[in-house]
Amino acid sequence: MASTDTDTSPPARSQDLAGLEAGLDALDSVRVERTPFTQVLLHKVLPPVVAVVLVLAAWKVLVLAHVTDDYKLPDPSAVGHSLGELWTRGTLFDIIWTSVSRGLLGFLAALALGTPLGLLVARVRFVRAALGPILSGLQSLPSVAWVPAAVIWLGITDSAMYAVILLGAVPSIANGLVSGIDQVPPLYLRAGRTLGATGARGAWHVLLPAALPGYLAGLKQGWAFSWRSLMAAELIASSPDLGLGLGQYLENARTDSDMPGVLLGILLILFVGIAIDLIVFSPLERRVLRGRGLAAGR
């Protein structure tokens with residue numbers, strides 16, 4: 001009886017290779033076109049603007065309906081007046097920059113520590129068994145829990161602020177990188193070793209680029225933890241020596257029973273978090289996805 005294995009003859013293999021080449025050529029020929037500006041306005045700018053308008057309208061309706069006392073829910077115009085006062089005094093940007101500069105510097109320090117730690121945990125089995133559960137536990141621990149200890153260790157200083165940021169952000173960055181590396185196909189690593197990319201060169205040229213989506217997700221979460229940790233530290237460990245940041249401004253408004261100032265502080269903290277995501281992380285994420293053929297347009 002004739003064997004059916006003769007189907008994989010040279011002509012059949014040639015046809016398979018030709019089909020594979022045609023598929024690769026089709027992928028290479030895909031052109032990524034930039035989204036028209038009007039479409040960007042319609043689909044990306046208009047929806048959040050409408051959402052803000054609706055929130056303000058609902059807020060105004062609740063105020064007019066007198067659902068609670070005015071000192072608990074002030075009119076939006078009162079919050080706008082508080083914002084105008086900060087602008088007139090010239091302290092608005094100083095308050096914002098005090099916190100933003102502190103948060104960004106702490107995040108960069110967390111990035112410098114969390115990246116090599118994540119590589120070590122992902123690639124060394126013993127280190128992963130020893131530190132993996134600890135990193136996961138630290139990531140789930142509320143950052144505010146570190147503030148009393150940091151104040152006792154370092155006093156009410158910038159060092160205490162940075163310590164809280166590091167303890168909150170480093171586990172997220174490291175775990176994000178570990179998750180990204182775990183999803184790297186082994187074929188990439190073998191190809192890198194074949195080309196001589198081993199050790200530090202392999203980590204830089206193969207592991208990190210291949211793990212970039214998961215790593216970027218860890219960076220976004222790390223920034224979120226950095227910002228939240230800093231606000232918690234500024235709220236609890238406030239001191240004139242630290243300068244007036246958003247957290248201390250919010251605490252001062254609470255002490256003065258200034259509800260418009262409290263709401264303004266919350267809105268400014270929210271604004272900074274959204275702005276950093278839109279300016280830094282969203283463009284990076286779109287660039288990474290486009291580089292992998294997973295997203296088109298802007």
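Everything that follows concerns the structure shown earlier in this document.
The numbers attached to residues start from 1 for each chain and follow its sequence in the written order. The predicted nature of this model means local features are confined to residues of pLDDT at least 70 and side-chain atom pairs, given and counted, to a pLDDT of 80 or more, with totals for whole chains, interfaces and linings taken over all residues. Hydrogen atoms and water are omitted, and side-chain values are computed over all heavy atoms in the structure.

1. Section: the overall build of the chain
Secondary structure is summarised from DSSP: a helix means a run of H or I of at least four residues, a strand means a run of E of at least two, and numbering begins at the N terminus for each. When you go through the chain residue by residue, the secondary structure sums to twelve helices and zero strands. Along the chain, helices (α) and strands (β) appear in the sequence α-α-α-α-α-α-α-α-α-α-α-α when read from the amino end. Note on exposure labels: buried denotes an accessible area under 20% of the residue type's maximum, exposed denotes more than 50%, and partly exposed covers the range between, all computed with a 1.4 Å probe on protein chains only. Per-residue burial over the chain gives 34% buried out of 298 residues. In this analysis, two residues are considered to be in contact whenever any of their non-hydrogen atoms come within 4.5 Å of each other. Counting contacts in the chain only where the partners sit at least 6 residues apart, residues at least 24 apart contribute 71% of the total. Put simply, the chain shows about 18100 Å² of open surface, and 67% of that area lies on carbon and sulfur atoms. Each accessible area value is a Shrake-Rupley result obtained with a 1.4 Å probe; residue values ignore everything except the protein chains displayed when judging cover.

2. Digging into the pattern of salt bridges
When a carboxyl oxygen of Asp or Glu is within 4 Å of a side-chain nitrogen of Lys or Arg, the pair counts as a salt bridge. Across all of its chains, the model carries seven salt bridges by this definition. Salt-bridge contacts for Lys-60 lead to Asp-75; the nearest nitrogen and oxygen are separated by 2.6 Å. Residue Lys-60 is found in helix H2 (residues 37-64), and its partner Asp-75 is found in the loop between H2 and helix H3 (76-89); the two are separated by 15 residues along the sequence. Exposure remark for Lys-60: the relative accessible area of 33% places this residue in the partly exposed category. Residue Asp-158 pairs with Arg-102 through a salt bridge whose shortest N-O separation is 3.1 Å. On the criterion of sequence distance, the pair formed by Asp-158 in helix H7 (residues 158-182) and Arg-102 in helix H4 (residues 92-123) is long-range, its members being 56 residues apart.

3. Some remarks on helix H12 (residues 259-291)
Residues spaced three or four apart along an α-helix face the same direction, because each turn holds 3.6 residues. Relative to the 48 Å expected for 33 residues at 1.5 Å per residue, H12 spans 47 Å between its end C-alpha atoms, a close match to the ideal helical length. Throughout, the bend at a residue refers to the angle made by two axes, fitted to the seven residues ending there and to the seven starting there. Considering bend angle alone, the principal kink of H12 is centred on Leu-278 and spans about 40°. Each helix should span, by expectation, one fewer than its residue count multiplied by 1.5 Å.

4. Observations concerning the side chain of Glu-251
In this fold, Glu-251 is placed in helix H11 (residues 246-255). When its relative accessible area of 17% is taken as the criterion, Glu-251 is described as buried. If sequence neighbours within four positions are ignored, Glu-251 has contacts with Leu-235 and Ser-238.

5. Here's the deal with the packing of aromatic side chains
Between 30 and 60 degrees the pair is tilted, below 30 it is stacked and above 60 it is edge-to-face, where a pair is any two Phe, Tyr or Trp rings, Trp via its six-membered ring, whose centres lie within 6.5 Å. Following the criterion strictly, the structure yields four aromatic pairs and no others. Geometrically, the ring pair formed by Phe-107 and Phe-281 is edge-to-face, given 6.1 Å between the ring centres and 85° between the ring planes. With Phe-107 in helix H4 and Phe-281 in helix H12, this pair connects stretches of sequence that are 174 residues apart. Their ring planes at 20° and their centres at 5.7 Å tell us that Trp-223 and Trp-227 sit as a pair that is stacked. Of this pair, Trp-223 and Trp-227 both sit in helix H10 (residues 212-236), four residues apart, roughly one helical turn. Judged by its relative accessible area of 5%, Trp-223 is buried. Any Lys NZ or Arg CZ found within 6 Å of a ring centre and within 35 degrees of that ring's normal is scored as a charge over the ring. Seen from the ring of Phe-225, Arg-228 lies directly overhead, with NZ or CZ sitting 4.7 Å from the centre.

6. So, the packing of H11 against H12
Two elements in contact, H11 and H12, have axes whose closest approach is 8 Å; the angle formed by their N-to-C orientations is 165°. If you check the angle between H11 and H12, you find them roughly antiparallel. Remark: the crossing between H11 and H12 carries left-handed chirality. Between H11 and H12, the residues in contact are Leu-246, Tyr-249, Leu-250, Ala-253 and Arg-254 and Gly-261, Val-262, Leu-264, Gly-265, Ile-266, Leu-268, Ile-269 and Val-272, respectively. Tallied by class, the residues present in the contact of H11 with H12 amount to ten nonpolar, two polar and one charged. Convention adopted: a line fitted to C-alpha atoms gives each axis, helices being fitted over their contacting stretch, and angles between N-to-C directions are expressed from 0 to 180 degrees. Oblique is the label for any angle not under 35 degrees, not over 145, and not in the 65 to 115 range, which are roughly parallel, roughly antiparallel and roughly perpendicular in turn. In this scheme the handedness of a crossing depends on how the near helix is turned from the far one: anticlockwise by less than a right angle means left-handed, clockwise means right-handed. Just so you know the grouping, Ala, Val, Leu, Ile, Met, Phe, Trp, Tyr, Cys and Pro go in nonpolar, Asp, Glu, Lys and Arg go in charged, and all remaining residues, Gly too, go in polar.

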